[in-house]
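Now for the letters of each chain:
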Amino acid sequence: MRLVRLIANLGYGSQKEVRAMIRDGRLTDSDGVPLSMDSRVGHVGVRLDGEALDPAPGMVLMLNKPVNYTCSTSDPGRVVYELLPERFGRRNPALAPVGRLDRDSTGLLLMTDDGALLHRVTAPRSHVPKTYDVTLARPLDGGEAAIFASGALMLRSETTPLAPATMVATGERQARLTIVEGRYHQIKRMFAAVGNHVEGLHRRAVGGLGLGDLAPGRWRLLTAGDIARIFERGDLSDGQEG
Ligand code: URA
């Protein structure tokens, strides 16, 4: 790929702005030799102002989403892209959330520009487990875990029952819940179906990958090992803090 397009696709600027960067000598090879418009150099060999470039397409990151941010590009309120470098919002292919978290939910949000990976995680038949800590308005009544595990719970306006989900009570009004689907407002609707109301929802893991010590509002790139963990069975016994 031509240098101008490579840099513009990473969101560093328009093609016009990238041409200006080249004229100004800001784009160099790894030895500091200025690159020209027609340089054909691989991604890893390019430096911008002496710095290595952002990851090539195929990047995956995790964000610890705080409350009051939406997983959208166009929302009148705050959007998760504001928590990333601004240029990440201009990448081509675009960086997209891997499944959504509601505005009032917090925790592990994956984002990628890799459509195949996104599909592998979110396709209904993938059954990648997602584990949440839930805070409820009313005390648990003790019957919820069996109802959620039954595979027979039908949410209002749905035509197929929910796949079995695993719940353990972690307090009078707290539960840890692992679901393998991603239906619209699924957890809020599950607890509404048993007469309760979700007051707080925090995603702590996707598959076997947890947040670790990533602080709210912070993000980090995933390694190949992290990505593999997404597809490990992550459930209530994963023992991983996050
Ligand atoms: N279920 C919900 O109801 N909300 C979320 O954000 C995630 C799962």
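Residues numbered from 1 in each chain as written. Predicted model: local features only at pLDDT ≥ 70, side-chain atom pairs only at ≥ 80, totals over all residues. Heavy atoms only, no water.

Considering helix α5 (residues 186-193)
Buried within α5 we find Gln186, Ile187, Arg189, Met190 and Phe191. Taken from the residues just after α5, Gly195 is the one with a positive phi, measuring 80°. (Buried < 20%, exposed > 50% of the residue type's maximum accessible area, 1.4 Å probe, protein only. Helix = DSSP H or I, 4+ residues; strand = E, 2+ residues; numbered from the N terminus.)

Some details on the packing of aromatic side chains
Applying the stated rule across the entire model yields 2 aromatic pairs. Measuring from ring centre to ring centre gives 5.3 Å for Phe88 and Trp219, while their planes differ by 65°; the resulting arrangement is edge-to-face. Here Phe88 is found in the loop between β6 (78-79) and β7 (96-97), whereas its partner Trp219 is found in strand β14 (residues 219-221), with 131 residues between them in sequence. What makes Phe88 buried here is its relative accessible area of 2%. Aromatic pair Phe148 and Phe191: ring centres 5.1 Å apart, planes at 85°, arrangement edge-to-face. Here Phe148 is found in helix α4 (residues 144-149), whereas its partner Phe191 is found in helix α5, with 43 residues between them in sequence. We classify Phe191 as buried; its relative accessible area is 0%. Note that Arg120 overlies the ring of Phe231, its terminal NZ or CZ placed 3.7 Å from the centroid. (Phe/Tyr/Trp six-rings, centres within 6.5 Å; stacked < 30°, edge-to-face > 60°. Lys NZ or Arg CZ within 6 Å of the ring centre and 35° of its normal.)

Remarks on the sheet that holds strand β1 (residues 27-29)
Across the sheet, which stays open at both edges, the 3 strands sit in the order β1-β2-β3 with antiparallel pairing between neighbours. The open sheet has two edge strands, β1 and β3 (51-52), and neither has a second partner. With 3 bridges joining them, β1 and strand β2 (residues 46-48) adopt antiparallel strand pairing. Pairing of Asp29 across the sheet is with Val46, part of β2. (Pairing = 2+ DSSP bridges.)

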